[in-house]
Amino acid sequence: RKGNVIVTGASSGLGLATAKALAETGKWHVIMACRNFLKAEKAAKSVGILKENYNVMHLDLASFDSVRQFVDNFRRSGRPLDVLVCNAAVYLPTAKEPSFTAEGFELSVGTNHLGHFLLSRLLLEDMKQSDYPSKRLIIVGSITGNTNTLAGNVPPKANLGDLRGLSGGLNGLNSSSMIDGGEFDGAKAYKDSKVCNMLTMQELHRRFHEETGITFASLYPGCIATTGLFREHIPLFRLLFPPFQKYITKGYVSEEEAGQRLAQVVSDPHLTKSGVYWSWNKNSSSFENQLSKEASDAEKARKLWEISEKLVGLA
Ligand code: NDP
């Protein structure tokens, strides 16, 4: 049978390119988990994904009710779940004030981390029941959360501190809206959320790989300077960023190529190692990359896991 893969945020950018790359192989049915149903349908059509290879299901990661509703709807579809790709993200670099999810958590961490944390935890049960030979749970990471790289050292740097803002509820009322308890900074909140994504992947690996055989992985697909992720940025930035990445840093990767990379992490029989953060070199071959000190801190991963469980209502 075909594999069934859920891709969150498949309505644009990397998620859409990945959905297309997987659907084209004829080996995958892609469940596009998106907050804007019509946009996702149009996007699928615009890149030529055939009807028999996908369906769109509504998911708004900025609402735990929506996440739970999505899981119920998916279960009702009767499909087994073989691979989950947590890809969706928001990036609000120019925001002066924080925005919040339905449950009142700062929006970048609430969407990118907490929404995906709840989704992964619930769907892990479904994945356990699938008989697919190579089950995988992938969380898209980023270099920007990695302070051991050049790009990860562009200020403001990611830093979760002692997680006091997160354990206080990340609501900007009786706690800070930033994980480390500091002043709101949209760019930093995004980077922090990506560190959470990478820590979560490793904690999933430690807790569930042996028992379930599921491969847990993260990746940095390269700098996809053309995606919607930068839509909130100032116009001059959006104009200069793609050529800057193409010619100066040479980290630029097209949406299509990035989609091929993520599709590789979903299905390549060589990429079955669990607990790995994949990157690609100049010749576009994959390698196991090192994570920064903070993004590989096992004690912090455990603490993040425990606080997140409470916030999403699982503990
Ligand atoms: P896009 O903005 O193009 O795509 C983000 C996707 O997330 C969209 O489909 C968007 O939906 C969706 N989304 C946002 N909020 C929600 C929500 N509340 N519920 C459900 N879906 C939501 O950005 P990219 O394709 O660039 O980003 C994809 C991933 O790649 C992210 O995890 C990002 O961190 C990562 N990444 C990107 C890099 C880059 O250079 N672009 C580099 C490294 C990592 P909608 O279409 O409705 O807005």
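This one's a predicted model, so the numbers in the text were calculated from it and none came from an experiment.

Enquirer: Is there a simple way to explain the overall build of the chain in this structure?
Expert: When helices and strands are counted, the chain shows nine helices and eight strands. In terms of overall dimensions, the chain is globule-like: its C-alpha atoms have a radius of gyration of 18 Å, near the 20 Å expected for 315 residues. Split into buried and exposed, the 315 residues of the chain put 57% on the buried side. As displayed, the chain offers around 13,700 Å² of accessible surface, 52% of which is attributable to carbon and sulfur atoms. Distance between charge centroids for the chain: 4 Å, based on 37 positive and 32 negative side chains.

Enquirer: Sorry, what's going on with the pattern of salt bridges here?
Expert: Where charged atoms from two side chains of opposite charge approach closely, those side chains can pair. Taken as a whole and judged by the stated rule, the model has 18 salt bridges. Two residues, Lys-128 and Glu-125, come together in a salt bridge whose shortest N-O distance is 3.3 Å. Separated by three residues within a single helix, Lys-128 and Glu-125 lie in helix H4 (residues 107-129), roughly one turn from each other. A salt bridge links Lys-300 to Glu-294, with the shortest nitrogen-to-oxygen separation between them at 2.6 Å. With a relative accessible area of 16%, Lys-300 lands in the buried category. One salt-bridge network, in which partners are shared between bridges, spans Arg-1, Asp-82 and Asp-131.

Enquirer: Teacher, can you tell me more about the environment of Ser-254 here?
Expert: Structurally, the position occupied by Ser-254 is in the loop between helix H7 (235-249) and helix H8 (255-267). Considering only alpha carbons, one finds Ser-254 and Thr-226, 28 residues apart in sequence, at a separation of 7.6 Å.

Enquirer: Is there a simple way to think about the pairing of strand E5 (residues 136-140) in this case?
Expert: The side chains of a regular strand alternate between the sheet's two faces. Within E5, five of the five residues are buried, which leaves it mostly tucked inside the rest of the structure. In the sheet, strand E4 (residues 83-86) pairs with E5 via four bridges, with the strands oriented parallel. Each bridged residue has a counterpart across the sheet, and for Leu-84 the counterpart in E5 is Leu-137. Each parallel crossover has a hand, and the one from E4 via H4 to E5 is right-handed. The pairing of E5 with strand E6 (residues 215-219) spans five bridges and is parallel.

Enquirer: Got a minute to help me understand the site of the ligand in this structure?
Expert: Contacts to the ligand come from 31 residues, most closely from Ser-11, Ser-12, Lys-39, Tyr-190 and Thr-227. One nitrogen or oxygen atom from the main chain of Leu-61 is found 2.9 Å from a nitrogen atom belonging to the ligand. Between the ligand and Asn-87, the relevant distance is 2.7 Å, taken from an oxygen atom to a main-chain nitrogen or oxygen of the residue. Burial of the ligand by the protein chains amounts to 98% of its free accessible area of 900 Å². Counting only elements with at least two residues in the shell around the ligand, the list comes to helix H1 (13-24) and helix H6 (186-212). Tallied by class, residues from the shell around the ligand come to 15 nonpolar, eleven polar and five charged.

Enquirer: How do you make sense of the packing of aromatic side chains when you look at a structure like this?
Expert: One pair of aromatic rings is described through two measures. These are the centre distance and the angle between the planes. On inspection of all chains with the given rule, the structure shows six aromatic pairs. Here the aromatic rings of Phe-64 and Phe-105 are separated by 5.8 Å at their centres, their planes lie at 40°, and the arrangement is tilted. Highlighted residues: Phe-64 in helix H3 (residues 64-77) and Phe-105 in the loop between E4 and H4, separated in sequence by 41 residues. For the pair shown, Phe-64 and Phe-105 are each scored as buried. These aromatic residues form a ring-pair network of at least three members: Phe-117, Phe-208 and Trp-305.

Enquirer: Looking at this model, I keep getting lost on the nonpolar core. Mind explaining?
Expert: Soluble globular proteins tend to pack their nonpolar side chains together in the buried interior. Ile-6, Phe-70, Leu-119, Leu-123 and Leu-137 are the most contacted members of the largest nonpolar core, which totals 59 residues. Looking at this core, the elements with two or more residues in it are strand E2 (28-34), H3, E4, H4, E5, H6 and helix H9 (298-311). Those residues in contact with Phe-70 that lie beyond four places of it in its chain are Ile-6, Ile-31, Ala-33, Met-57, His-58, Leu-59, Leu-119 and Leu-123. Counting residues in hydrophobic clusters, the runner-up holds 37 residues, among them Leu-16, Ala-19, Val-140 and Ala-217.

Enquirer: Sorry if this is basic, but what is going on with the environment of Cys-196 here?
Expert: Mapped onto the elements of the fold, Cys-196 is located in helix H6. Overall, Cys-196 belongs to the buried group, its relative accessible area being 0%. For the pair Cys-196 and Phe-117, spaced 79 residues apart in sequence, the C-alpha to C-alpha distance is 9.4 Å. Beyond its immediate stretch of four places on either side in the chain, Cys-196 contacts His-113, Leu-160, Ile-179 and Leu-304.

Conventions used here
Residues numbered from 1 in each chain as written. Predicted model: local features only at pLDDT ≥ 70, side-chain atom pairs only at ≥ 80, totals over all residues. Heavy atoms only, no water. Helix = DSSP H or I, 4+ residues; strand = E, 2+ residues; numbered from the N terminus. Rg over C-alpha atoms; globule rule 2.2 N^0.38 Å. Buried < 20%, exposed > 50% of the residue type's maximum accessible area, 1.4 Å probe, protein only. Areas by Shrake-Rupley, 256 points an atom, 1.4 Å probe, with all protein chains shown as cover. Lys, Arg positive; Asp, Glu negative; His and termini not counted. Charge placed at Lys NZ, Arg CZ, Asp CG, Glu CD. Salt bridge = Lys/Arg side-chain N within 4 Å of Asp/Glu carboxyl O. Pairing = 2+ DSSP bridges. Right-handed = clockwise from strand over helix to strand, strands pointing away. Near = heavy atom within 4 Å. Polar contact = N/O pair within 3.5 Å; in protein donor to acceptor, adjacent residues only side chain to side chain. Nonpolar A, V, L, I, M, F, W, Y, C, P; charged D, E, K, R; others polar. Phe/Tyr/Trp six-rings, centres within 6.5 Å; stacked < 30°, edge-to-face > 60°. Core = buried A, V, L, I, M, F, W, Y, C linked by side-chain atoms within 4.5 Å. Contact = heavy atoms within 4.5 Å.

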